[in-house]
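Remarks on the overall topology
Residue-level listing of the chains:
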Amino acid sequence: MEIWARVTLAPPYKLNTNIEPLNRLTAAQAGLSLGKIYMSQLQASLVELIRRTSAEIPNDVHQAILTSLENEKKGSLAANAIKIIDQNIALAKQKSQPICQDTGSILFYVDVPVGYDQIAFSEAAREAVMEATKKGFLRQNSVDSLTGKNDGTNVGPGAPAFHFHQQRSPKVSVKLVLKGGGCENVGAQYSLPNEKLHASRDLDGCRRAILDAVLQAQGKGCGPGILGVCIGGDRATGYELSKTQFLRRLEDRNANPELDALEQDILKTSNELGIGPMGFGGKTTLLGVKICAANRVPASFFVSVSYMCWAYRRQGVTLDAGANIEGWLY
Amino acid sequence: MTKLAFPFTEEKIRSLKMGDEVLISGVVFTGRDAVHKYLHEGGKLPPGVILRDGIIYHCGPVMMPQPDGSWKCTAAGPTTSIREEPYQGQIIRDYGVRGVIGKGGMGDRTLAACKENGCVYLHAVGGAAQVLAECVKRVRNVYFAAEFGAPEAIWELEIEDFPAVVTIDAHGNSLHREIFARSEAALSELL
C-alpha cells in the first residue's frame, strides 16, 4: 500500500509543495525526518558544491594571483611558478578535476534556522563526500590515526568537520573550505609572552608572533599564502576562529581599525621578506591577512595562526526550501 | 630550461646548478610518508621498483581506475618533502637515487647526501596537480596500494617534460637555506 505523506518542517521554514509517494513509510516516519526528496536533493546540491570548490578557484583569489604575477620580475622563478599556477587553475576548471591533489580537510560551515535537522544534514553531507570521492572530485584523504588505514571512503571520526551556526532566518547557507595538509602543517599557535621573539602581550607581540609564523613557513605552505589569525580564545577556539577568517573575501577590510591596520601591515611586511611563491624568492609571499580577536582568560594569551595555500578552495551556496542551489556565495 | 631525460646519470645530475629550471622525462616512482618509514625500518622494495639511478617523487596522486584495469592520473602535484627528511639521506645512499621531486625543500642531511652521492632536489610547483597530471603519460604500475592506500602507494609513472626547479644541487647549494637566511635578516630589520 502506498502512503502519501506531506513533509512539513518547523515554521518559518516552508517546503516546496511537490508531493511524492513515500513508499512503505509510515506517517510518523515521514513527519520526523527532513524527507526523502529533500535529502536526495540536498546530497546532489552538496556534491555540486564540493565539485566546484575542489575544481574552481574563487574569483577574488584568482584576481589576487593574477595581480601577483604582474608584480613579479618577468622570467624569474617566482613569475614562472605563478604562470604554472595560473595554467593549473584554468586546466582544473576545464576538466572539472581537483585544482590540487590534496583535497584536504573538508570543513562545512552551515547557517541554519532554528529547528533544522542538523543530524540529517550531516548524514546527507557524508553521503555527498563519499559520492564526490568516487567521482574523483576529492582524493581518498581520510586516514585512521591509530591503525594507519585508509578505507577510501573519505569519511570517519571528525571527517568531514561540521560547524553549525543557528540563526533567526529561514535561509540555509552552506560554506565549504577544502584545506590541504601541507599548509595546515605550517600553522602555529603562540603563547605570549614569548621570550625568544621578544613578544609581549600587546599588538606588537602579536605582530612578532604572526611574522615568525610567516618566516618559519617559508614556501612549505605553497605560497603565496593567506593567513587566518585569532588573537585570544583558548587553544581550541583560537585555532577554530582563526580558520573562520578564511570565510572572508580577500578584498574585504576589518571593521576594527586596529585589526585592519595590523592586517595591512603584516601583509606588506611579509611581502618585504622576499620569500616569494613556493619559497623561490620574490615579491609575493602572502595574498592576504585576516585577523579576529576573542576574549581570553587572564592567564592565557594565544595567537593562533592558520596558513592557507594559494589553492584557496572556499565556496558556498544558499539553498531554497527544496534544497536546490539558489545562489553562489563567492 | 634544461631537458633532463632518463637515464639519470651522475654526470647529468652533477651538471645541474641550484636555480636551474628543468623539464624531466622518464620513469619516476612516487613515495611519501608510509614508504619512507617502511624502507627506513628495513622493508624491502618490491621487484620492479628500481630506485638506482632513478627519481623518487613525493606525491600522493588521485588515480581513477579505468574499465580495462589501467589507471588514469587525474591529479599529481607534489607533497611537502620535509617530512621525509629523517629518512631521505639514507635512502639516497642505500639505493643510489639521483633525484627527489617534491616541494618545500629538504634539510641539511639530504643536502649532504645529495653532495656525496650525486643527487638533486627538484622542486615542483605545489598545487599544480592538473598541469603535472598532464605530464604523466602513463601509469605503468602500482605497489603497496592495499597496504598503504592509494595516496601512499608507490606509483610507477612515465612522465614527459615535467617542470621543476633545482633548489638543492649536488654541490652543497640550497636555495632554501639562502632564502631563509635572507628573509630572516630582512625580518630583523622590520621588527
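To keep things clear, this report deals only with the structure shown in the data block. (Residues numbered from 1 in each chain as written. Chains lettered and ligands numbered in written order. Predicted model: local features only at pLDDT ≥ 70, side-chain atom pairs only at ≥ 80, totals over all residues.)

Some details on the overall build of chain A
Put simply, the rule is: What counts as a helix is a DSSP run of H or I of at least four residues, what counts as a strand is a run of E of at least two, and both are numbered from the N terminus. Think of it as a crowd count around each C-beta: if 20 or more other C-beta atoms lie within 10 Å the residue is buried, if 12 or fewer it is exposed, and in between it is partly exposed, with C-beta placed from the backbone throughout. The contact criterion used is a C-beta to C-beta distance within 7 Å, with each C-beta placed from the backbone.
Assigned secondary structure in chain A consists of nine helices and nine strands. Taking all 330 residues of chain A together, 46% fall into the buried category. When contacts within chain A are restricted to residue pairs at least 6 apart in sequence, those whose partners lie at least 24 apart make up 73%.

Quick notes on the nonpolar core
So the rule is basically this: Structurally, a nonpolar core is described as a collection of buried Ala, Val, Leu, Ile, Met, Phe, Trp, Tyr and Cys residues joined by way of C-beta atoms within 7 Å. Residue ranges for the domains trace back to a domain assignment, done automatically or taken from a database.
With 145 residues, the main nonpolar core has A:Ile50, A:Ile210 and B:Leu122 as its most contacted residues. No other element matches strand β9 (residues 154-168) of chain B, which puts nine residues into this core. Viewed by domain, this core spans two of them, domain 1 (27-53 + 101-180 + 314-328) and domain 2 (182-310) of chain A, each represented by three or more residues. Once residues lying within four places of it in the same chain are set aside, the contact partners of A:Ile50 are A:Ala128, A:Val129, A:Ala132, A:Phe137, A:Leu138 and A:Leu176.

Describing the environment of A:Leu107
In this structure, A:Leu107 sits in strand β1 (residues 105-113). Contacts of A:Leu107, omitting those with residues within four sequence positions, involve A:Ala161, A:Leu176, A:Val177, A:Lys179 and A:Lys243.

As for unusual backbone geometry
That bond from A:Gly223 to A:Pro224 is cis: its omega, 15°, falls within 30 degrees of zero. By secondary structure assignment, the location of A:Pro224 is in the loop between α7 (203-217) and β5 (225-231). The peptide bond linking B:Phe6 to B:Pro7 adopts the cis configuration, its omega dihedral lying at 5°. Of note, A:His198 is a non-glycine position whose phi angle comes to about 50°, a positive value. Position of A:His198 among the secondary structure elements: in the loop between β4 (188-191) and α7. The exposure class assigned to A:His198 is exposed, which follows from the 11 C-beta atoms found within 10 Å. Of note, B:Asp161 is a non-glycine position whose phi angle comes to about 50°, a positive value. Topologically, B:Asp161 is positioned in strand β9.

Things to note about the interface of chain B and chain A
Selection criterion: Think of it as three bins: nonpolar holds Ala, Val, Leu, Ile, Met, Phe, Trp, Tyr, Cys and Pro, charged holds Asp, Glu, Lys and Arg, and polar takes everything else, Gly as well.
Contacts between the two partners involve 40 residues from chain B, matched on the other side by 42 residues from chain A. Secondary-structure elements contributing two or more residues to the side of chain B that touches chain A are β4 (62-65), β5 (71-75), α5 (129-135), β9 and α7 (175-190) of chain B. Per-element tally for the side of chain B that touches chain A: the top contributor is α7(B), with 10 residues. Its residues placed into classes, the side of chain B that touches chain A shows 21 nonpolar, 15 polar and four charged.

Considering the packing of helix α2 (residues 33-40) of chain B against helix α3 (residues 85-95) of chain B
Residue and element names in this part refer to chain B. Convention followed: Only C-alpha atoms enter the line fits that serve as axes; for helices the fit covers just the stretch in contact. Angles between N-to-C directions range over 0 to 180 degrees. Orientation labels follow simple angle bins: below 35 degrees gives roughly parallel, above 145 gives roughly antiparallel, 65 to 115 gives roughly perpendicular, and whatever is left gives oblique. Crossings are sorted by hand: turned counterclockwise from the far helix by less than a right angle, the near helix makes the crossing left-handed, and turned clockwise it makes it right-handed.
Across the interface, α2 lies against α3 with an axial gap of 9 Å and an inter-helix angle of 60°. The angle between α2 and α3 places the two elements in the oblique class. For the crossing formed where α2 meets α3, the hand is left-handed. For the pair formed by α2 and α3, the contact residues are His36, Lys37, Leu39 and His40 on the first element and Tyr87, Gln90 and Ile91 on the second. Class assignment of the residues belonging to the contact of α2 with α3 gives a composition of three nonpolar, three polar and one charged.

Quick look at the environment of B:Met18
Residue and element names in this part refer to chain B. For Met18, the location among the structural elements is in the loop between α1 (10-14) and β2 (21-30). Sequence spacing of Met18 and Leu122 is 104 residues, and the spatial spacing of their C-alpha atoms is 9.6 Å. Setting aside anything within four residues of it in sequence, one finds Met18 in contact with Val166, Thr167, Ile168, Asp169, Asn173, Ser174 and Leu175.

Focus on the packing of α3(B) against helix α4 (residues 108-117) of chain B
All names here are of chain B. At their nearest, the axes of α3 and α4 sit 8 Å apart, and the two run at 10° to each other. Taken together, α3 and α4 sit at an angle that is classed as roughly parallel. Note on element contacts: α4 touches α3 through Arg109, Thr110, Ala112, Ala113, Cys114 and Asn117, opposite Glu85, Gln88, Gly89, Ile92 and Arg93. Broken down by class, the residue content of the contact of α3 with α4 amounts to four nonpolar, four polar and three charged.

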